[in-house]
Amino acid sequence: MQHFDLNTLTETPWKNGGGGTREIVRWPAGSTLDDFEWRVSVATLQGAGPFSPLPGVDRQIMLLDGEGALLQSVDGGLDHALTRRWQVWAFPGEAAIEARPQGGISHDFNLMLRRDQWQGQMQVVHGARRAGQAPAGLCLVLAGRWRCGARTLQVGQGLWWHGGANDEVIAPDDAVDGETPALVWVALSPVLPASLGQVRGEARLDVAPGQLTLAQLRSLWQQERPVALAPDARAAITTGAAAVQAIVARGEPAYGINTGFGKLAKTHIPDAQLARLQHNLILSHAVGTGEPLPDAVVRLVLLMKAASLARGYSGVRAVVVETLLAMLEADLLPVIPAKGSVGASGDLAPLAHMTLALIGEGQVRVAGRLRPAREALAAAGIVPLTLQAKEGLALINGTQVSTALALHGLFLAERLLEAGAVIGALCVDAAKGSDAPFDPRVHALRGQPGQIALAEVARALLAGSAIRQSHLVGDARVQDPYSLRCQPQVMGACRDLIAQAARTLLIEANAVTDNPLVFAETGDVISGGNFHAEPVAFAADTLALAISEIGAISERRIALLIDSGISGLPPFLVDNAGLNSGFMIAHVTAAALASENKSLAHPASVDSLPTSANQEDHVSMATFAARRLADMAENTATILGIEWLAASQGADFHRPLETSAPLQRAHAALRAQVPFYAEDRLFAPDIEAARALVLGGAAASGQGALLARLWMD
């Protein structure tokens, strides 16, 4: 860990305009502006000047700490004023952008990330944070004083570190006077998908009801970004709301509009009590329990609920949809307990907790801090909703929570499949396996699309390997074990399950799933069952199978590599076996996690318990089916991480022979974090680093074009 003082760093002229730059961190040491993996600096903008396009930079992230700046791109794709102090903003790193001061001098904290190398996040935090939460990270004091062990950090001072865990906690000094303590916190390579919040996306997401794409959903899952309702969506919302008001005016009984709910549907509610009815509904249904859902999942819930209501068949006013999107825009995320839904009638309890925040009750999470919803809404200028007829029921009825959890599992499964394809190919070389089983003629005869795609990717990953070339002739082995030669058949089948689940979940993300439904063109209100999440449960169950099998075959390859009788490598992948245990118990960990996943993969959709006095007598259990996917993904990522360590170790034993160029990149990505295992050392940090790299997508880094073939039918 290294302590730095921003005020003592040398300021160099900013080559693009008036002002200067103080560089805090550059990686690797000795690199220049045009040759870095990530770079952190503070720029002082005194006069207009261009941000020149930076070759290879995926994105730049800025945090304002001054009077403000106006950013405009040459092509017109970016026009944004940084006017709010400590606002985080991200924009494309290769865009040609001009920056002009807004008022006085602007001090901008900058993080630049090289394409396909690192992921990062930047946020302002106010509560205590533990140093070393990420393999690489940095904090800088923006206001107040903070304690780190025996050291007190003042404004402009900070810490940065690389690798390993650290027990020091950076906490606000209680004695601070006149200024709220505020740290900027940067976490770098890798960042887990579930925690990629707090960075403003560079492009607005326009919510076109019924037309959300997986790319949009994946983008919002990865990071917070501005959202807006498509302008032409308002008419359908208004028409649906008017139909509900007409029913109320006529006094006709209609379920959920002027009646009780569930078994109490025959109870008529007077008009004067309809608002109270909806309010009571939310309070009584907010009975969730367990840990809060991750921010990434909550963002998806808000988006999909807004998109569903905006289709106009739910009978809510436009202000309901706009409030949902305003909370998403302001990154005010309702605290939603993870447990308490059976997947019909929709995700009642978790969506009730979401709705609590809309009406100014409960809590929200803002930049990692819990705040009372009413207080946070007021600070963001959002007026709490007073629910009218049908609106409370429309908000809590639906499959958005189970679908968001399943999408979370889907996006993690995609990363696991890509990592498994790359690591599995590296394992083939480490074990001096054959690439003959990947011959396209073999797979064409079967015709399974995922299998064909996996074989094609395996061939491309192994092409040009000197290790393979070394044993083309004279290798006495006739066939490799299944875990090597059947990778296309197993992983390809997993790919097909993932693709099938993706199709189902995209349909569900765009669906109208509350009850009853309002058909404004005829005035009909029809009570149906779109809230039943059986499609989501089935999709989640198939994702569970895929995630489990990706880990299961990976565990078998680890077992193969540590067995010198099969792999030809040193026993347990270490010199002086006996004195050193090497990968012996790392494999035991992989086996334990693979076994745990087998239990978790048991289908949840086949279970059902009647609820609501047998009115709701068959349920989907979709919410649990989807929720368990994250735990399974963590397990499989750890197994793949151990295999990555083992395969890289095996490849190192073959030196001076090299694997292929694509697999050398995968090997280098791991070795940047974890050195060769020359003798026994504390192994857990290596496994944790590899697991995080897998979940962060680093195993597939730089292979984008090659791996895109996996997802083409």
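Here is what the cut-offs are and how they apply
- Along each chain, numbering runs from 1 in the same order as the chain's sequence is written.
- Reporting in this predicted model follows two pLDDT cut-offs: at least 70 for local features of residues, and 80 or more for side-chain atom pairs to be given and counted; totals over whole chains, interfaces and linings ignore these cut-offs and use all residues.
- Only hydrogens and water are set aside; all other atoms, that is, all heavy atoms of the structure, feed into the side-chain values.
- In this analysis, strands are considered paired if DSSP registers two or more bridges between them.
- Only DSSP runs of H or I reaching four residues or more are called helices, and only runs of E reaching two or more are called strands; each is numbered from the N terminus.
- Burial classes follow relative accessibility: with a 1.4 Å probe on protein chains only, a residue under 20% of its type's maximum area counts as buried, one over 50% as exposed, and anything between as partly exposed.
- Salt bridge, as applied in this entry: a Lys or Arg side-chain nitrogen positioned within 4 Å of an Asp or Glu carboxyl oxygen.
- Nonpolar side chains (Val, Leu, Ile, Met, Phe, Trp, Tyr) within 5 Å and like charges within 9 Å form the patches, drawn only from residues with over 30% relative accessible area and no salt bridge.
- Only the protein chains shown count as cover for residues, and all accessible areas are computed by the Shrake-Rupley method using a 1.4 Å probe.
- Only the six-membered ring of Trp is used, alongside the rings of Phe and Tyr, when aromatic pairs are assigned; centres must lie within 6.5 Å, and planes under 30 degrees apart are stacked while those over 60 apart are edge-to-face, with the rest tilted.
- Between the first and last residue of a helix there are one fewer steps than residues, each counted as 1.5 Å, and that sum is the expected span.
- Each C-beta atom gives one direction from the helix axis, and the arc is the one those directions make.
- Confidence scores per residue from the predictor, reported as pLDDT, run from 0 to 100.
- Any two residues whose heavy atoms approach within 4.5 Å are treated as being in contact.
- In this text, buried Ala, Val, Leu, Ile, Met, Phe, Trp, Tyr and Cys residues form a nonpolar core when linked through side-chain atoms within 4.5 Å.
- Here the bend at a residue means the angle between the axes of two seven-residue stretches, the one that ends at it and the one that starts at it.
- Polar contacts, as counted here, are pairs of nitrogen or oxygen atoms within 3.5 Å of one another; within protein the pair requires one atom able to donate a hydrogen and one able to accept it, and residues that are adjacent in sequence qualify only if both atoms are side-chain atoms.

**Some points on the pairing of strand β25 (residues 363-366)**
So, point 1. Here strand β23 (residues 333-334) runs beside β25; their pairing, made up of 2 bridges, is antiparallel. Bridging from a neighbouring strand, P334 pairs with V364 of β25.
So, point 2. Here β25 pairs with strand β26 (residues 369-372) via 4 bridges, running antiparallel. Paired with R365 across the bridge in β26 is L370.

**Thoughts on the sheet that holds strand β15 (residues 146-148)**
So, point 1. With antiparallel pairing, the 4 strands of this open sheet are ordered in space as β13-β18-β15-β16. Edge positions in the open sheet fall to β13 (129-130) and β16 (151-153), since each of these has one partner strand only.
So, point 2. Across 3 bridges, the pairing between β15 and strand β18 (residues 169-172) is antiparallel. Its bridge partner being in β18, C148 is matched across the sheet by I170.

**As for the environment of L505**
So, point 1. Among the structural elements, L505 can be located in helix α14 (residues 487-509).
So, point 2. Relative accessible area serves as the criterion here: at 0%, L505 is assigned to the buried category.
So, point 3. Along the chain, L505 and A539 lie 34 residues apart, while their C-alpha atoms are 7.2 Å from each other.

**Comments concerning the pairing of β18**
So, point 1. As paired strands, β13 and β18 are joined by 2 bridges and run antiparallel to one another. When the sheet's bridge partners are listed, R129 is paired in β18 with I170.

**Quick look at the pattern of salt bridges**
So, point 1. A full pass over the atoms with the stated rule returns 20 salt bridges.
So, point 2. For E391, the salt bridge goes to R317, with nearest N and O atoms at 2.7 Å. A residue pair is termed long-range when its members are at least 10 positions apart, and E391 in helix α8 (residues 391-396) and R317 in the loop between α4 (295-309) and α5 (318-329) qualify at 74 residues.
So, point 3. Judged by its relative accessible area of 23%, R317 falls in the partly exposed class.
So, point 4. E634 is the salt-bridge partner of R691, the closest N and O atoms lying 2.6 Å from each other. Within this pair, whereas R691 is found in helix α20 (residues 684-695), its partner E634 is found in helix α18 (residues 622-653), the two being separated by 57 residues in sequence.
So, point 5. Among the residues examined, R691 registers a relative accessible area of 10% and is labelled buried.
So, point 6. When salt bridges that share partners are traced, they join D652, R655, E658 and R671 into one network.

**Topic: a nonpolar patch on the surface**
So, point 1. Taken together, the side chains of M584, I585 and V588 define a hydrophobic patch exposed on the protein surface, amounting to about 250 Å² of accessible area.
So, point 2. Note on placement: V588 falls in helix α17 (residues 584-600).
So, point 3. Of the residues examined, V588 reaches a relative accessible area of 44% and is grouped as partly exposed.

**Structural notes on the packing of aromatic side chains**
Two aromatic rings, taken as a pair, are described by how far apart their centres are and by the angle between their planes.
So, point 1. All told, the structure shown has 6 aromatic pairs when counted by the stated rule.
So, point 2. For the pair W221 and F411, a centre-to-centre distance of 5.1 Å together with 50 degrees between the ring planes defines the contact as tilted. Here W221, found in helix α1 (residues 214-222), pairs with F411, found in helix α9 (residues 400-430); they are 190 residues apart in sequence, far enough to count as distant.
So, point 3. Here F653 and F676 contribute two aromatic rings whose centre-to-centre distance is 5.5 Å and whose plane-to-plane angle is 75 degrees, an arrangement assigned as edge-to-face. With a gap of 23 residues between them, F653 in helix α18 and F676 in the loop between α19 (661-671) and α20 connect regions that are remote in the sequence.
So, point 4. The class for F653 is partly exposed, based on a relative accessible area of 22%.
So, point 5. By relative accessible area, which is 31% here, F676 ends up partly exposed.
So, point 6. Taken together, the ring pairs connect F583, Y677 and F683 into an aromatic cluster.

**Structural notes on helix α2 (residues 234-250)**
So, point 1. Taking 1.5 Å of rise per residue, the 17 residues of α2 would be expected to cover 24 Å, and the 25 Å separating its terminal C-alpha atoms lies within 8% of that figure.
So, point 2. I237, G240, A241, A243, V244, I247 and V248 are the residues of α2 that are buried. Down the axis, α2 shows its buried residues gathered within 150 degrees of arc, on one side only. Away from its buried face, by an angle of more than 90 degrees, α2 presents the exposed residues A235 and A249.
So, point 3. Two residues or fewer past α2, G251 is found with a positive phi of approximately 80 degrees.

**Brief notes about the confidence of the model for the chain**
So, point 1. Across the chain, pLDDT averages 84, with 81% of residues at or above 70.
So, point 2. Low confidence marks residues 27-36, where pLDDT is under 50. Its contacts with residues over four positions away, or in another chain, come to 20 contacts.

**Structural notes on the nonpolar core**
So, point 1. Core analysis: the biggest nonpolar cluster contains 163 residues, and L217 and L561 have the highest contact counts within it.
So, point 2. Here L561 is in contact with C427, A430, A431, S567, L569, L573, A646 and A647, once residues within four sequence places are set aside.

**Looking at the sheet that holds β23**
So, point 1. Overall, antiparallel pairing links the 3 strands, which are arranged β23-β25-β26 in an open sheet. On the outer flanks of this sheet lie β23 and β26, each paired with one strand and no other.

**Structural notes on unusual backbone geometry**
Negative phi is the rule for most residues except glycine; trans is the rule for most peptide bonds.
So, point 1. Residue P516 is bonded to the preceding N515 through a cis peptide linkage, with omega at -5 degrees.
So, point 2. Along the chain, P516 turns up in the loop between α14 and β27 (517-519).
So, point 3. That bond from R655 to P656 is cis: its omega, 15 degrees, falls within 30 degrees of zero.
So, point 4. Among the secondary structure elements, P656 is positioned in the loop between α18 and α19.
So, point 5. Of note, the phi angle at N576 is positive, near 55 degrees, even though the residue is not glycine.
So, point 6. As for its position among the elements, N576 is in the loop between α16 (564-567) and α17.

**Focus on α18**
So, point 1. Here α18 is 32 residues long and its end C-alpha atoms lie 47 Å apart, about the 46 Å a rise of 1.5 Å per residue gives.
So, point 2. Within α18, the axis deviates most sharply at A630, by approximately 25 degrees.
So, point 3. For α18, the tally of buried residues reaches 26 of 32 residues, placing the bulk of the element in the interior.

**As for the side chain of Q157**
So, point 1. Here Q157 is to be found in strand β17 (residues 157-162).
So, point 2. Looking at Q157, its side chain comes within polar contact range of the main-chain nitrogen of Q154, at 2.7 Å.
So, point 3. The contact partners of Q157, leaving out residues within four places of it in the chain, are H3, F4, D5, C139, L140, V141 and T152.

**A word on the side chain of S605**
So, point 1. Among the structural elements, S605 can be located in the loop between α17 and α18.
So, point 2. Engagement of the side chain of S605 in a polar contact is seen with the side chain of D541, the distance being 2.5 Å.
So, point 3. With residues up to four places along the chain from it excluded, the contact list for S605 reads E534, A537, F538, D541 and S620.

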